Each structure stands twice: as structure tokens, then as C-alpha cells.
Amino acid sequence: MPTNKNLVSRRTVLKAALKASAAAVAPMIVPSSALGLAGAVPPSDRITVAGLGIGGRGERDLGSFLSQKDVQFMAICDVRNERREAIKSMADKHHGNRDCAMYSDMYELWDRKDIDAVLIATGDRWHTLLSILTAKSGKDVYCEKPCSMTIGQSRALADNYQRLGRIYQAGTQRRNGSNFKYLFDMAESGKLGKLHTLHANVGPGDRWPPKTSHDWLPAEPLPPKQVVDWDRWLGPSPWRPYNSLYVARYWRGYFDFHGGGILEWGSHTVDLCQFAAGADETTPIEFDPHGDQGDTPYSIHCKYANGLKLVMRDKGFDGLGSCAVRFEGEEGWAQTGDRGIVETSDSLSAYRKEFSDSRQATTYHVRDFLDSVKSRKQPRANALAAAQTHIGCHAAYIAFQLGRKLKFDPATDTFIGDDEANNMRSRAMREPWRLT
Amino acid sequence: MKITRNILPAIAILLAGVAPLAIAQTPRTPAQQRRAAMAAKEAEARAATPYKSAEIMSLGTPKLVEILKDANATEFAKAKACQRLAVVGDKTAVPALATLLANPKLSHYARFGLEPISDPSANAALRDALGDLKGNLLIGVINSIGRRKDPEALDALAKLMHGDDHDVAEAARAALGRVRSP
């Protein structure tokens, strides 16, 4: 009778074999969702998405992404520990797993080959650079607005996306909002007659002053890098001492980080006017600031090469909600805003309407992006369209800062006969960052 | 009493008109209260900051150059002077801006001022700094040379492209691409 405990009986071997075979078979029992059953989308049709810098607005975008059945949110990258944890929690809860990876360094995110698209919702200072670098890593991009800090960045965005062939959707969701699309249709179908003036609601000066500040906030002790990586938060913007208020969303209103009221809302509303004008590949040629250079009321009167006028103004859209536009043609006018109400001149009263889904614009816009990721056709707010809108807004902002009328050549992105204005078309990036 | 009775409806009307406004403006939820508190803190910080820029941002080139040359001027004043020079600066500002290229805190601000100045002396100032700098400051200057598309920097960039510092070499390669592109 063998007594060596290392010897294994035949029965033990058989038991072990049975366990092993059961374990080998187990992965074959896959959840129905993985097979695309029960209404789920099979993995091969899913779009894997990651997030870069997701704050309050980005969280709403993320909600729209997660509402789409073919989206799998894979990872979050943020320089703020609290935001990494919050977004992971949101994604894991939605997917019913613990798979959302967290990074503080975007290069680790870009290294992942299993991510198709990235939602970028950092502060404005990072938007262009991250959009270009993310595209270079082989991923498509949905980027919050404003999409650039300067005319130069806007052009670099368009050029790089044309060269790289990636999909880009600016977070100018109203392009896909039902009430705004209704207005586009009215313009395109000729109901308004020949368009002569477009009005864009730029940031109300009492909330979003048109001029930004060059001040710094008082210095505070720098937090540990793992809590907030201040150097990475600043990114390409000029160095300044840390203050927790910037990180807690109060970076707006400072020249180094923000484009003031014109960019804040104009990136939406000038964008809508550009689309209605069929001007996605150009920009106005004249920018004439009005007002006493105070916060409100203010306006910039612009003109396209074909004579069409564009008025950016912060007041006079009462009752329409935020980010309103008004299109005027020879047959009458129509206007709408975020409340979803479409108002018209009496001549067009038959077209007055109220939309109940005006808050769904972001979800429609995200869907447009996801469809483009699959079809490889450009979405409604693609890089070139976004660039031209932003160039128009930056030119208006420069005219307002200088307090004088400017003439602009859209073919070369240069102001005609104004050296100071031309100096303001770009800004040096903090080392080591650069636009390529 | 008669007067009081007459006033009461007026008070009621006033309250009816004012109350909804007051309710709308008063933060009710904890999140709204947090935001209101933060906004108040920010307004307070803006008002109290020692870093006020309005005066500097209205100066012309001669005064701005004086700030850059002033040994007692603060880092903030010099930073803002550079940013103002990015709009109004000319060749007379180049030497003062160039002296800041080796300053770790202000090198970027100096490039911020130099990059838009169309005079060729700005190219020369950036090229001259190539031999004095290392690491990120050198990368910054290389990037600015690339932005300005300085054809006289081709040889220096080519040399840096074959150097030991990988990041510097990458920056030089990118700058060469920009200088050579139409």
C-alpha cells in the first residue's frame, strides 16, 4: 500500500479532470448581451468610447453617449482625481461592471488600441491640441465647444483632420436640434425668401462679458499632483499661480483660458448662422463692433462676401431661451432658441411651431457622431465647419477687443491692413506643447 | 386704519410681484447653494487679487520695455508686459524680450511676445537662444522658430534633430517640417 502523500489516486485525477473541463466549458456560457440578443448590440457593432477631462458639461454629454445602446464607455482620463472617480462610478454603474479604466496621463489613453472614439470636455485651452493629438493616435473625436482659442488653432484643427481622415464632431449640438433644423429647412426651402440678415445670440454680457481679463487670482498652495496636476491642467496656456477656483470651473472669463461671451455662445449660434448661410467653408469678411465697450449691450455687425449680413448681439431675443438665432429674408423672418418655440413674422404665421424635444439636441448630435464613426461620412459639425465658425467668432472677438472695424480675408485668414489684429490671430503655446 | 387697509392690497401686489423673483434668485438646492457660495468666493478673489493687469494692458511699447528691463518689476508685471507686446510690440521690444528666454517662469511669456513681431530681429533672437537653452525651454524656442517659419534656422534645426535629447530632436523635426512647408 503506497503511503506517499504525493501520489495521486485515479479517482482524484478524474475529479480534477472533470473540474478542469467544466472550467473550460464555462466561458462558452456567454451573456445574451454579448451575442446581441435581447435588444443588445453585439460587441462587433459597439463603439468603444473614452473620456478626456469630463466636468459638468462633459457629464451631460456622457449621459447622451451612454443612452446609446451601441456605446461601451471604456476609460476616463482626467488630471483631477475626484473627476476620475466620479466618471468611473457613472460608467461602471451604467454597464454593470467595474471595467472603466482611470488615467491621469492622456498618453496612456492614446496607447490603447481598443478605443474607437474619445469625448473631449476639458477646458477650452486644451480643446484643439487634444483633438489633434487624439486623432493622431487613431481615434475619432467628439469635442466640446469652444473648439479653439485662436484663429491659428482653428485652421490647424481643420487641416489636421483633413489630412488624418478622422471623424470630428464639435459639441455644437444645436445643429441637430429639431427646432433649429426646422429653421434651416425654412431657409433652405425658400420660405423666408432670399436671406439678407442673420442674427446670432452671443453670450449675454451681464453673464458672459465680451472682454476677458488678464488678471491672475491670488496664489494658493499647490495641491499634490495626484489630486490636481496643475502643470497638466494649464497645458499649453501661460503659467500662473495655482488657485483652486480655476479648477472648480471658474476659469472662464480669463484671457488665457476663455474667449468671452462671443465664443461662449457664438460657437453655437454663429455656427447655426454659418450653416443656414451655406457658409461652412468660409467666414464673414467684415467685423464692426458696436456698443460702448462695456459688458452689455454689445454687438458685432458682420458681412459675408456675397453681401449677407450677420449680426452677433447679446440682447433682444426675449422669450426664446438661450442661444437663439433669427433668420431674415425677403419673405419674412423666423427665430428660435433653446425653449423650442419658433416665432415668425406675420407673413409666415403658418410656420409658427413649438418643439417639445429641444433638450434632446445633444443626444441627436451624439447619435449623428456615432453614425459617422460607423459610416466614415463627416458629421454635421465636422472639423472644417467648426473651424470656420470659430474663425468668425475669433475675428469678431479681436474686433471687439480692438474697438474698431476690421476687414478679413477668409482665403488667407488674415486681417487686411491691421497689424495688431493680425498679431492676435495666434498665441505661442507653453513649452513643450505645440500644434503640428 | 383706513390708510392701513389701503396699503395692504398694495403690499400684497408688491409681494406677489417680488416674491417669485426672490425665490428664483435664492439658491434652494444644496448644489445651487454650493455654486452660489463658489461664485461669491470667486468675485471676492477677483476683487482682492494683487495681480491686476488693466494698467499694463493699456501701455505702449516703450513703457512695456521699461517694465521688462526693470529689475524690481514683478514676475506678473513682466508676464503681462510680454502679453501686451504680443499685440503692440515692434523691433524695439525684441532685445528685452530675448533676455527672458532663459527665464524658466517667463520664457514662454517672452515667446508669446516675440512670435507675432514681424521684424527679422525676432527670428535672430530665437536662433541665438538655441545654443544657450536645454530641455523644455529649448523645445519652446524651437517651436516658436517653427511657427515663424524662419528659413535661416534650417541648419541649426537639422543639427538639433540629430542630438541626444529625443524630445528636442522631435521638436526640431516638427519645426523643420513647418519651415519647409509652403
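All values reported here derive from a predicted model rather than from experimental measurement.

Secondary structure assignment for chain B yields 10 helices and zero strands. Put simply, chain B runs from its N terminus to its C terminus through helices and strands in the order α-α-α-α-α-α-α-α-α-α. Within the span of chain B, comprising 182 residues, buried residues form 41% of the whole. Excluding contacts between residues fewer than 6 apart, the proportion of contacts in chain B whose partners are at least 24 apart in sequence is 58%. Accessible surface computed for chain B: about 10300 Å², of which carbon and sulfur atoms make up 59%.

A tally of helices and strands in chain A yields 13 helices and 16 strands. Counting only residues that meet the buried cut, chain A has 58% of its 436 residues in that class. Residue pairs at least 24 apart in sequence account for 69% of intrachain contacts in chain A once pairs closer than 6 positions are excluded. With 57 positive and 52 negative side-chain charges, chain A shows a separation of 8 Å between the mean positions of the two kinds.

All names here are of chain B. Here the domain parsing of chain B yields domain 1 (38-118) and domain 2 (121-182). The centre of domain 1, based on its C-alpha atoms, is set 24 Å off from the matching centre of domain 2. Facing 14 residues of domain 1, the contacting portion of domain 2 comprises 12 residues. With both chains or domains summed, domain 1 and domain 2 bury close to 940 Å², and 66% of this area falls on carbon and sulfur atoms. Connecting domain 1 to domain 2 are zero salt bridges. At the junction of domain 1 with domain 2, the criterion picks out six residue pairs in polar contact (both at pLDDT 80 or more). Of all the secondary-structure elements, those providing two or more residues to the side of domain 1 that touches domain 2 are α5 (94-98) and α6 (107-114). A per-element tally of the side of domain 1 that touches domain 2 places α6 first, with three residues.

Glancing now at the state of the cysteines. Residues and elements named next belong to chain A. Evaluation of the coordinates by the stated rule reveals zero disulfides over all chains. With no disulfide of its own, Cys143 lies closest to Cys147 among cysteine sulfurs, the gap being 5.3 Å. When its relative accessible area of 0% is taken as the criterion, Cys143 is described as buried.

This part covers the sheet that holds strand β15 (residues 406-409) of chain A. Residues and elements named next belong to chain A. One open sheet holds the 10 strands; their spatial order is β14-β13-β12-β11-β7-β10-β9-β8-β15-β16, and the pairing between them is mixed. At either margin of the open sheet sits one strand with a lone partner, and together these are β14 (353-354) and β16 (414-415). Note: strand β7 (residues 195-201) against strand β10 (residues 309-313), five bridges, orientation parallel. Paired with Thr197 across the two strands is Lys309, which belongs to β10. Across the sheet, helix α10 (residues 260-276) lies against β7, β9 (299-303), β10 and β11 (325-329), angled at about 155° from β7, the strand it touches most.

Let us look at the pairing of strand β1 (residues 47-52) of chain A. All names here are of chain A. Taken across its six residues, β1 has six buried, putting it largely inside the fold. Burial along β1 is two-sided: Ile47, Val49 and Gly51 and Thr48, Ala50 and Leu52, pointing in opposite directions, are all buried. Across six bridges, the pairing between β1 and strand β2 (residues 71-77) is parallel. Across the sheet, Gly51 pairs through a bridge with Ile76, a residue of β2. Handedness of the β1-helix α2 (residues 56-66)-β2 crossover: right-handed. In this sheet, strand β4 (residues 117-120) lies alongside β1 in parallel orientation, the contact comprising four bridges. Bridge pairing in β4 links Gly51 to Leu119.

Counting from both sides, the interface comprises 35 residues of chain A and, opposite them, 41 residues of chain B. The residue Arg111(B) makes a salt bridge to Glu431(A) at a minimum N-O spacing of 2.6 Å. On the surface where chain A and chain B come into contact, there are 19 residue pairs in polar contact (both at pLDDT 80 or more). Put simply, the parts of the chain that give the side of chain A that touches chain B at least two residues each are α9 (244-247) and α13 (419-423) of chain A. Considering only residue class, the side of chain A that touches chain B consists of 19 nonpolar, seven polar and nine charged.

Residues and elements named next belong to chain A. Per the counting criterion, the structure on display carries 35 salt bridges over all chains. Where Lys407 meets Glu286, a salt bridge forms, and the shortest distance between an N and an O atom there is 3.1 Å. With Lys407 in strand β15 and Glu286 in strand β8 (residues 286-290), this pair connects stretches of sequence that are 121 residues apart. Taking the relative accessible area as the measure of exposure, Lys407 reaches 41% and is therefore partly exposed. It is possible to trace a salt-bridge network through shared partners that takes in Asp70, Arg367, Asp371 and Lys374.

In this section: the packing of helix α5 (residues 124-136) of chain A against helix α6 (residues 151-164) of chain A. Angle between the axes and distance between the axes: these two values describe a pair of packed helices. All names here are of chain A. Axis separation between α5 and α6 bottoms out at 10 Å; the angle between their running directions is 10°. In terms of their interaxial angle, α5 and α6 are classed as roughly parallel. Contacts between α5 and α6 involve Thr128, Ser131, Ile132, Ala135 and Lys136 on the former and, on the latter, Gln153, Ala156, Leu157, Asn160, Tyr161, Arg163 and Leu164. Here the contact of α5 with α6 is composed, by residue class, of six nonpolar, four polar and two charged.

Another point: the sheet that holds β2(A). All names here are of chain A. Spatially, β3-β2-β1-β4-β5-β6 is the arrangement adopted by the six strands of the open sheet, whose pairing is parallel. Looking along the sheet, the strands with just one partner apiece sit at the ends: β3 (101-103) and β6 (168-170). Adjacent strand axes in the sheet meet at a mean angle of 20°, parallel and antiparallel pairs treated alike. Here α2 sits on the sheet and contacts β1, β2, β4 and β5 (140-143); the angle it forms with β4, its principal contact strand, is near 150°. Packed on one face of the sheet, helix α3 (residues 81-95) meets β2 and β3 and runs near 165° to β2.

Glancing now at the side chain of Thr61(B). Assignment of secondary structure puts Thr61(B) in helix α3 (residues 61-69). Residue contacts for Thr61(B): discarding those within four places in its chain leaves Leu85(B), Val88(B), Gly89(B), Asp90(B), Thr92(B) and Ala93(B).

The next thing to look at is the environment of Leu435(A). Looking at the element boundaries, Leu435(A) is found in the segment after α13. Taking the C-alpha atoms as reference points, Leu435(A) and Pro236(A), separated by 199 residues in sequence, lie 9.7 Å from one another. Ignoring sequence-local partners within four residues, the contact set of Leu435(A) consists of Thr128(A), Leu129(A), Ile132(A), Gln153(A), Ala156(A), Met429(A), Arg147(B) and Arg178(B).

About the thresholds
Residues numbered from 1 in each chain as written. Chains lettered and ligands numbered in written order. Predicted model: local features only at pLDDT ≥ 70, side-chain atom pairs only at ≥ 80, totals over all residues. Heavy atoms only, no water. Helix = DSSP H or I, 4+ residues; strand = E, 2+ residues; numbered from the N terminus. Buried < 20%, exposed > 50% of the residue type's maximum accessible area, 1.4 Å probe, protein only. Contact = heavy atoms within 4.5 Å. Areas by Shrake-Rupley, 256 points an atom, 1.4 Å probe, with all protein chains shown as cover. Lys, Arg positive; Asp, Glu negative; His and termini not counted. Charge placed at Lys NZ, Arg CZ, Asp CG, Glu CD. Domains from an automatic or database assignment. Buried area = accessible area lost by both parts, 1.4 Å probe. Salt bridge = Lys/Arg side-chain N within 4 Å of Asp/Glu carboxyl O. Polar contact = N/O pair within 3.5 Å; in protein donor to acceptor, adjacent residues only side chain to side chain. Disulfide = S-S within 2.5 Å. Pairing = 2+ DSSP bridges. Axes fitted to C-alpha atoms, helices over the stretch in contact; angles between N-to-C directions. Right-handed = clockwise from strand over helix to strand, strands pointing away. Nonpolar A, V, L, I, M, F, W, Y, C, P; charged D, E, K, R; others polar. Parallel < 35°, antiparallel > 145°, perpendicular 65-115°, else oblique.

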